[in-house]
Amino acid sequence: MDLLSEVITVARTGRPRSAYVRWHAPWRQQFASVPGSAGFQAILEGRCWLVSPDAAPVELGAGDVLFLPHGTGHTLADDPSTAATAPACTPDDPGLPGPHTTDSVDRLGRGGPATVVLCGAYRLDPSRPHPLLLTLPDLIHLPADPSRHPELHAAVRLLASEVGTPRPGATAVVPALLDTLLLYVLRIWLAEQPAHGSTTGWAAALNDPAVTAALHAVHRDPAAPWTVAKLAAEAGLSRAAFARRFTSMIGQPPLGYLTWWRMTTAARLLRATEAPLRTIAAQVGYASEFAFANAFKRTHGLAPGAYRRGSHPLPAPPARS
C-alpha cells in the first residue's frame, strides 16, 4: 500500500457523510468546528462567500473545492453581510435523514439566486492521526480549474450525481468516491508544495526520492530488521546524510518513526483482527511475544491484551521539532 492510501486507512473511522444542498439567497450557513474530523465543500453551481471571523471573506464560484483537514469551523453565505438563517450544522446532526442527503433550502421563501454545494465530512480517529494530516493547513482552497485538476473535478461531478440522485448501489459508491476525492485533494496539495519552496515536512518528504524510498520500505515491511544503515541503503545515501535528511523532513529520527509505525500497525491489528499476539508480534518485527508485549506497553501504557479489550488511543504521531 502506498503512503497516501495509508493516510486514509489509518486516519478514517466510520463512514463519511455527504449532502447535496441547493440554497436560495439570502442564506448563511455556519458549519461548527468538529475536532477529530475533516470536511470539504465543493461549489457545483452559482457563487457564494467563505466567511471567517479572522480573515477577509473569499468569493467562491462553481468548481471551487475547499478542504478543511482539522474540522475547522467556517461559514458559507450568499453575501458576507447576510445574517444567519439557520443553526450551525455538524456531521452528526440528528436531523439529517441519513449519511448521504439531498436538500433544497429557501427558508425565507424569496426564491433568490441558487447556489448548489456538495458538503462532506470524514470522521477521523483522533487517537491515530497520520503525521501527514497534522502538517496540513486549516484550509486548502483549490480554485476551479478543470484543465489543471481534471481528475478532481471528475470525482466531484460523479459524487454530486450519486448524492444528488440516489440510485441502487449508492451506499457502496458514495464512500468510495469520497475517499477518491480526499486522495485527489491531497495529491494536488502535495504536488504544489515545492512551488512554495518547502524544504521540510511531509510535503517535501514525499517529493524527495531518497526519503520516500525509506518510508516506502518501512511501510511495505515493518517486520524487517531495519537499521539506519539499511534504510540509508534503500535511500541511496550515506548513513549520516540519510539520518540528517530524514529527521529534518519528518521531524523524527528514522528508527523513531519505525517504532511509531510498528506500534500504530500493531494497535490497528489488535483492534481490527483476532490474530494471536505472536502473529501480530511477528508482523511488526518482534521475535517473541514477550518482547512485543514489553514494547507495546512502553508505548501505550497497557499490555496488548488489555488494549484489545478496550478502546484506547494509538501512539501519538512523531511531532516535528
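Each chain carries its own residue numbering, running from 1 in the written order of its sequence. Only residues with pLDDT of at least 70 are given local features in this predicted model, and only at 80 or more are side-chain atom pairs given and counted; all residues enter the totals for whole chains, interfaces and linings. Each side-chain value is derived from all of the structure's non-hydrogen atoms; neither hydrogens nor water enter the calculation.

**Q** When you look at the packing of helix α6 (residues 209-220) against helix α9 (residues 254-272) in this model, what are you seeing that I'm missing?
**A** The packing of two helices is summarised by the inter-axis angle and the distance between the axes. At a closest axis distance of 10 Å, the pairing of α6 and α9 adopts a crossing angle of 35°. When the axes of α6 and α9 are compared, the crossing they make is right-handed. On the side of α6, the interface is formed by Leu215, Val218 and His219, while α9 contributes Tyr257, Leu258 and Trp261. Looking at the contact of α6 with α9, its residues break down into 5 nonpolar, 1 polar and no charged. The axes used here are C-alpha line fits, helices contributing only the stretch in contact, and every angle between their N-to-C directions lies in the interval 0 to 180 degrees. Working definition: helices are DSSP H or I runs of at least four residues, strands are E runs of at least two. Numbering for both runs from the N terminus. Should the near helix be turned anticlockwise from the far one by less than a right angle, the crossing is termed left-handed; should it be turned clockwise, right-handed. Contacts were defined at the residue level, with two residues in contact if any of their heavy atoms lie within 4.5 Å. In this classification, the charged set is Asp, Glu, Lys and Arg, the nonpolar set is Ala, Val, Leu, Ile, Met, Phe, Trp, Tyr, Cys and Pro, and all remaining amino acids, among them Gly, are polar.

**Q** I tried to follow the environment of Ala213 on my own but got confused; where do I start?
**A** The topology assignment puts Ala213 in helix α6. Exposure classes here rest on a 1.4 Å probe applied to the protein chains alone. A residue is buried below 20% of its type maximum, exposed above 50%, and partly exposed in between. The class of Ala213 is partly exposed, set by a relative accessible area of 24%. Separated by 18 residues in the primary sequence, Ala213 and Leu231 place their C-alpha atoms 8.4 Å from one another. In this structure Ala213 touches Glu234 and Ala235, once residues within four positions along its chain are discounted.

**Q** Help me understand the pairing of strand β5 (residues 55-61) in this model?
**A** Residues in a regular strand project their side chains so that they alternate between the two faces of the sheet. Across 5 bridges, strand β4 (residues 47-52) lies against β5 in antiparallel orientation. Within β5, the residue paired with Ser52 across the bridge is Ala55. Two strands are counted as paired when DSSP detects at least two bridges linking them. Linking β4 to β5, which pair antiparallel, is a turn of 2 residues.

**Q** Is there a simple way to explain the layout of surface pockets in this structure?
**A** Gaps left between atoms are located by rolling a probe of water-molecule size over the structure's atoms. By volume, the second largest pocket is sized at about 220 Å³. Lining the second largest pocket are 14 residues, and of these Leu50, Ser52, Asp54, Ala55 and Leu139 sit closest to its centre. Those elements giving two or more residues to the lining of the second largest pocket turn out to be β4 and β5. Ranked by the residues each element gives to the lining of the second largest pocket, the list is headed by β5, at 4 residues. Here the lining of the second largest pocket is built from residues that sort into 8 nonpolar, 4 polar and 2 charged. Cavities and pockets were defined on a 1 Å grid built over protein atoms only: a cavity is a set of grid points that admits a 1.4 Å probe from which the probe cannot escape, a pocket is an open set flanked by protein on both sides within 12 Å along at least five of seven lines, and lining residues are those with an atom within 4 Å of any such point. Grid points are joined across faces, edges and corners, and a volume is the space filled by probe spheres set on the points.

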